[in-house]
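# A closer look at the structure
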There are 2 protein chains.
Amino acid sequence: MPGNTSPYALETPALLLDTARMERNIARMKTQLSRLGVAFRPHVKTNKCIEVARRLMGTPEGPITVSTLHEAEYFAANGVHDMLYAVAIAPGKLAHVAALLARGVRITLILDSIEAAQHLADFARSSGQSFAAMIEIDCDGHRSGLATGAAELLPLGRFMHAQGITLAGVMTHAGSSYNCVGTEAIRAMAEQERLAVVTAAGALRAAGLPCPAVSVGSTPTALFAQSLEGVTEVRAGVFVFFDLVMAGLGVCGTDDIALSVLTTVIGHQREKGWTIVDAGWMAMSRDRGTAAQVLDQGYGLVCDAQGRVLDGYIVAQANQEHGIIAHRSGDPAKALALAVGTQLRILPNHACATGAQYPRYTVLNASGDVTATWTRNNGW
Amino acid sequence: MPGNTSPYALETPALLLDTARMERNIARMKTQLSRLGVAFRPHVKTNKCIEVARRLMGTPEGPITVSTLHEAEYFAANGVHDMLYAVAIAPGKLAHVAALLARGVRITLILDSIEAAQHLADFARSSGQSFAAMIEIDCDGHRSGLATGAAELLPLGRFMHAQGITLAGVMTHAGSSYNCVGTEAIRAMAEQERLAVVTAAGALRAAGLPCPAVSVGSTPTALFAQSLEGVTEVRAGVFVFFDLVMAGLGVCGTDDIALSVLTTVIGHQREKGWTIVDAGWMAMSRDRGTAAQVLDQGYGLVCDAQGRVLDGYIVAQANQEHGIIAHRSGDPAKALALAVGTQLRILPNHACATGAQYPRYTVLNASGDVTATWTRNNGW
C-alpha cells in the first residue's frame, strides 16, 4: 500500500514514459528479429515521437512504418526518409504523397485492388511522379487485403507492373493475433501470417513479376514467430511500450509496460469502496481492450506512484475527467485507503489509444526521475 | 445512395462542424433556459474552442464551466474571466488556480470533503490567496459528491465558512440521465437533480451559511426539465453538437448532430459486405456509448458526403486507421456499392470523445461550404 507520497511536481493527469522498460522492450524485439534474420521497419503509430523512433530505427533515416501522412510529414521533417504508409491509399492523398516524394522522402504505398491501382496510375501519369506500392494480403480475415490464394493477385500485380507502378512487394498484418491467448496460438498465427505473404510473393515471382519486399507485422507474431523464412521485414509498434492487452495475451508482463498515466486522488465514496481520481476516460482513452480477455482490467490497472501494481485495483468506471478506482471484486470492504492528493499510476489497456490522448510524454529514467518531455505528433 | 462525389478537397479523416445545426442546437437550449428562468454557464469540455464558446456565452467574459485547468488557461487567454472548474480540486493544482486568480480570472472550485477543504484552507493561508468553492452534491449515485441529506453537508459548509473559503453554493451533475430512455424518465431525473441541490442549498441557508449558486447540469435534464425552481444556473455542454448517444435517448434527432467525421473509401471485402474507410477508432474514438442502447450504432452512423444518413450502415468494426462499414444487419448482400475515393460522413457516438481526437474543426456553413478552421484546445 503506498503512502501519501507525491514524487512528481506534475499537474495530473500526465503521461509517464519509463525509458528503462522501453529500452528493455526494444532490446527484446531487436534480439528476436536478429535471431530470425529479418529486417526491422518499426511501426511508429504507437509512439508518434521522433525521440522514441530514433531508438527503434536502424539509421537516422529509417526505415519506419507510418499510419498517417501527418506522421510521414513529421518524421520526414526529423530526417526520416524511408517509410511505408501502411494504410490503403486514398486517391485524395496522392498529391500529398507526391509532394513528399518530390522532397526525397521514399514513401511506399499499399493497395489491394485494380480500382485503387488505376487511381494511382492515373495520378502518376497526370503528375509525372512515379510511385512504389506493395500489395496488401489478408492473412486472417480481419481487415483489408487480398485473401491468400485470391485469383485477383496476379492480375493486380501485372496491372501495376504494366502501368509503371513499382511493385515493391507484399505485406500483411495479423491483427487477429490480438485475440490469440497463449504462446502456441500466437506461434500458429505467426506461421499463418508468414505463409500468406511468402506464398503471395512466390506466385508473383513465378509469374515473372518483381516482389523485393515481403513484410509482416504485429507485436505478438513478431515476438513468438519460430521462423520468418522468406520474410524480408517486420513491422511492429506496440511492443515499445506494451500494455494490458498484451499482458493479457501473455506477450509481456505488467512490469514491462512502459507507459502509464499519473493521476491524483480527488475524493471518495467510501461506502461504495470508490476512490475518485482525476484520470477519466479522456486520460485513459475509451479503449476497453481487456473487456474481452479473461482478466478485465477496466479502464486500467492501478499502481502506486512508483509504479508498483496494487493488485486487484482497477479504474472500474470512468467519466470524462473522473476515474473511479475500485477493487476488481467489487467488494467495498477492499476500498483503497488513500488520502486526497495521493498520486497513483494507471497502466493502460492499449498504448496506442492512451498515448493519443496526450500531446507529450513525461520521460522517466531508471530511477524514476523526470529527465525530459517528448512531444507526440497526434492527429491528421 | 450517394454518387462518387468528393465535395471537399480535404485530407481525410477530418472533423466537420455543421454550424447551421450547431446554431439551432444553441438556440434550443437558450430558449429552454430562458423559459425556465435560469442562467446558463455552458460547459466547454465538449467543444474546447473559443469560437464555439463565444456563441454559447452570455458575454465575452463568460460565464463558462471547464473540466481542466488547461481549458481554464486557454479560455482566460481568450478573454473569459468567469469560470467554474467542475472537477473536485486536487491539492497539487492549487498553485495553478492561484496564478489564474491572481491574473483576475474568477475561477470557482468544487469539493465534497473536509479533507479537501482542509487542503484548500491550508494553501489559502500559506499563499495569501483566497478561494471560492462550491460543495458537490451527488444526486444519482454515479460519481462524486455528498449524497442528498448526507450528515456531512453542514459540517463541511461550516468548516469552509470558518476557514475563510467563500462558500459559493452547491452543484450537481445528473450523469445518470445518459441512461434515461425517453422523455418521462429524463424529466423525472431532472426533478431528482433539482431537488438534490435545492434541498442542500436550503439546509445550508437554514444553518445561516451562504449559498448563492445552485447549479445543475446535463444536456438531457436541462432540455427536459419542467421546472428549475430554486436553481440559479445550468451547466450543459454536449447539446452544442449532440451525438448518437443523445439521439438514442430521444434528446435529439440524428439530423441535429452537428459534428461528423469526413472519411474516404479505401477498399472493400465484397463477399463480407465490407466497405473499408480511412476513419478507424483513432478518428472516431473508442467510445461505444450506443452499445448499451436499443440501437447499437457501432463506431458511428454512415452518411453520404452531404450528411444524409445511409440508413442501417454503421462503422461496424474499427482498427486504428481503418473503419469497416457494414449494414447493421450483418447481411453481406446489403453491401454499399461505393467506389474507392468516395467521401462519406460518419456521425459519432459521443461528441466529447470524437472531438478530442482532432486538433481542429473544419467549419461548414448552411450550404455545406467550408468557411473556416477552428482550433481545439485538447489535453492537460
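Keep in mind that what you see is a predicted model, and the values were worked out from it rather than measured.

Reading the values: the criteria
- Residues numbered from 1 in each chain as written.
- Chains lettered and ligands numbered in written order.
- Predicted model: local features only at pLDDT ≥ 70, side-chain atom pairs only at ≥ 80, totals over all residues.
- Heavy atoms only, no water.
- Helix = DSSP H or I, 4+ residues; strand = E, 2+ residues; numbered from the N terminus.
- Rg over C-alpha atoms; globule rule 2.2 N^0.38 Å.
- Buried < 20%, exposed > 50% of the residue type's maximum accessible area, 1.4 Å probe, protein only.
- Contact = heavy atoms within 4.5 Å.
- Lys, Arg positive; Asp, Glu negative; His and termini not counted.
- Charge placed at Lys NZ, Arg CZ, Asp CG, Glu CD.
- Phe/Tyr/Trp six-rings, centres within 6.5 Å; stacked < 30°, edge-to-face > 60°.
- Lys NZ or Arg CZ within 6 Å of the ring centre and 35° of its normal.
- Least-squares fit on C-alpha atoms with pLDDT ≥ 70 in both.
- Buried area = accessible area lost by both parts, 1.4 Å probe.
- Salt bridge = Lys/Arg side-chain N within 4 Å of Asp/Glu carboxyl O.
- Expected span 1.5 Å × (residues − 1).
- Polar contact = N/O pair within 3.5 Å; in protein donor to acceptor, adjacent residues only side chain to side chain.
- Axes fitted to C-alpha atoms, helices over the stretch in contact; angles between N-to-C directions.
- Parallel < 35°, antiparallel > 145°, perpendicular 65-115°, else oblique.
- Left-handed = near helix turned anticlockwise from the far one by under 90°.
- Nonpolar A, V, L, I, M, F, W, Y, C, P; charged D, E, K, R; others polar.
- Pairing = 2+ DSSP bridges.
- pLDDT = per-residue confidence, 0-100.

## Concerning the overall build of chain A
Helices and strands together make up the secondary structure of chain A, namely 11 helices and 18 strands. Relative to a compact globule of 380 residues, whose C-alpha radius of gyration would be 21 Å, chain A shows 22 Å and is just as compact. Considered along the principal axes of its C-alpha atoms, chain A spans approximately 70 × 40 × 35 Å. By residue count, 64% of the 380 residues in chain A fall in the buried class. Summarising the internal contacts of chain A: among those between residues at least 6 apart in sequence, 67% fall at separations of at least 24. The centroid of the 30 positive side-chain charges in chain A is displaced by 2 Å from the centroid of its 32 negative side-chain charges.

## Topic: the packing of aromatic side chains
Two numbers describe a pair of aromatic rings. These are the distance of the centres and the angle of the planes. Residue and element names in this part refer to chain A. With the rule as written, the count across this model stands at 10 aromatic pairs over all chains. Note on Y74 and F75: the rings are 4.8 Å apart at their centroids and 80 degrees apart in plane angle, and the pair reads as edge-to-face. The exposure class of Y74 is buried, given its relative accessible area of 16%. On the basis of relative accessibility, which here comes to 0%, the residue F75 falls in the buried class. The residue whose ring lies beneath R288 is Y299, and the NZ or CZ to ring-centre distance is 5.6 Å.

## A word on the relation of the copies chain B and chain A
The operation relating the two chain copies consists of a rotation about an axis and a shift along that axis. For the match of chain B to chain A, the screw axis carries a shift of 0.0 Å, the RMSD comes to 0.0 Å, and the turn is 180 degrees. The transformation relating the two chain copies, once decomposed into turn and shift, fits a two-fold axis. Taking C-alpha positions as reference, the residue of chain B nearest the rotation axis is R286 of chain B, located at 2.5 Å. Of all interface residues in chain B, 98% are interface residues in chain A too; the two copies therefore contact each other through one and the same surface.

## Concerning the environment of H43 of chain B
Residue and element names in this part refer to chain B. Turning to its location among the elements, H43 is positioned in the loop between β2 (39-40) and α2 (50-56). On the basis of relative accessibility, which here comes to 10%, the residue H43 falls in the buried class. Between the C-alpha atoms of H43 and V265, which are 222 residues apart in sequence, the distance is 35 Å. Excluding residues that lie within four positions of it along the chain, H43 makes contacts with T65, V66, S67, A86, A236 and G237.

## Considerations on the interface of chain B and chain A
Between chain B and chain A, the contact holds 58 residues from the first and 57 residues from the second. Of the roughly 4,700 Å² buried where chain B meets chain A, counting both sides, 52% is carbon and sulfur surface. Summed over the three residues of chain B that lose the most area to chain A, namely E11, R143 and W380 of chain B, the buried surface amounts to 17% of that side. Run the count over chain B and chain A and you get six salt bridges. For E115 of chain A, the salt bridge identified is with R270 of chain B, shortest N-O distance 3.6 Å.

## Looking at the environment of F40 of chain B
All names here are of chain B. Along the chain, F40 falls in strand β2. Residues F40 and G175, spaced 135 residues apart in sequence, show a C-alpha to C-alpha distance of 18 Å. Leave out the neighbours within four places in its chain, and F40 touches M29, L33, L56, P63, V234, A236 and F239.

## Section: helix α1 (residues 19-36) of chain A
All names here are of chain A. The first and last C-alpha atoms of α1 sit 26 Å apart over 18 residues, in line with the 26 Å expected at 1.5 Å per residue. One side-chain oxygen of the residue at the start of α1 lies 3.1 Å from the amide nitrogen of A20, identifying that residue as D18. Two residues or fewer after α1 comes G37, characterised by a positive phi angle close to 70 degrees.

## What about the pattern of salt bridges?
Side-chain pairs of opposite charge can arise where the charged atoms are in close proximity. With the rule as written, the count across this model stands at 32 salt bridges over all chains. With a shortest N-O distance of 2.9 Å, K48 of chain B and E71 of chain B are connected by a salt bridge. Of the two residues, K48 of chain B is situated in the loop between β2 and α2 and E71 of chain B in helix α3 (residues 69-77); the sequence distance between them amounts to 23 residues. As far as burial versus exposure is concerned, K48 of chain B and E71 of chain B are alike and both buried. Connected via shared salt-bridge partners are R41, D82, R106 and E233 of chain A.

## Concerning the packing of helix α3 (residues 69-77) of chain A against helix α4 (residues 94-102) of chain A
Residue and element names in this part refer to chain A. Where α3 contacts α4, the two axes come as close as 11 Å, and the packing angle between them is 15 degrees. Between α3 and α4, the interaxial angle falls into the category roughly parallel. As for the relative orientation of α3 and α4, their crossing is left-handed in sense. On α4, the residues that touch L69, A72, E73 and A76 of α3 are H96, V97 and L100. Residue composition of the contact of α3 with α4, grouped by class: five nonpolar, one polar and one charged.

## Some remarks on the side chain of Q293 of chain A
All names here are of chain A. Inspection of the secondary structure assignment puts Q293 in the loop between α10 (281-284) and β13 (301-304). Exposure remark for Q293: the relative accessible area of 17% places this residue in the buried category. When residues no more than four places from it in sequence are discounted, the contact partners of Q293 are L244, V245, G248 and L249.

## Here we look at the pairing of strand β6 (residues 132-138) of chain A
All names here are of chain A. Along β6, seven of the seven residues are buried, which leaves the element largely enclosed by surrounding structure. Here β6 shows two buried faces, one formed by A132, M134, E136 and D138 and the other by A133, I135 and I137. The pairing of strand β5 (residues 106-111) with β6 spans three bridges and is parallel. Residue pairing across strands places L111 opposite I135, the latter belonging to β6. Looking at chain direction, β6 and strand β8 (residues 166-172) are connected through six bridges and run parallel. Residue pairing across strands places A133 opposite L167, the latter belonging to β8. With two bridges connecting them, β6 and strand β7 (residues 146-147) associate as parallel partners. Bridge pairing in β7 links D138 to A147.

## Quick look at the confidence of the model for chain A
For chain A, per-residue confidence averages 96 on the pLDDT scale, and residues scoring 70 or more make up 98% of the total. A low-confidence stretch, residues 1-5 of chain A (pLDDT under 50), is modelled with 14 contacts involving residues beyond four sequence positions or located in other chains.

## Let's talk about the pairing of strand β18 (residues 370-375) of chain B
Residue and element names in this part refer to chain B. Pairing geometry for strand β17 (residues 360-364) and β18, over five bridges, is antiparallel. Residue pairing in the sheet places T362 in a bridge with T373 of β18. Remark: five residues form the turn of the hairpin made by β17 and β18, two consecutive strands paired antiparallel; G368 in that turn has positive phi of roughly 85 degrees.

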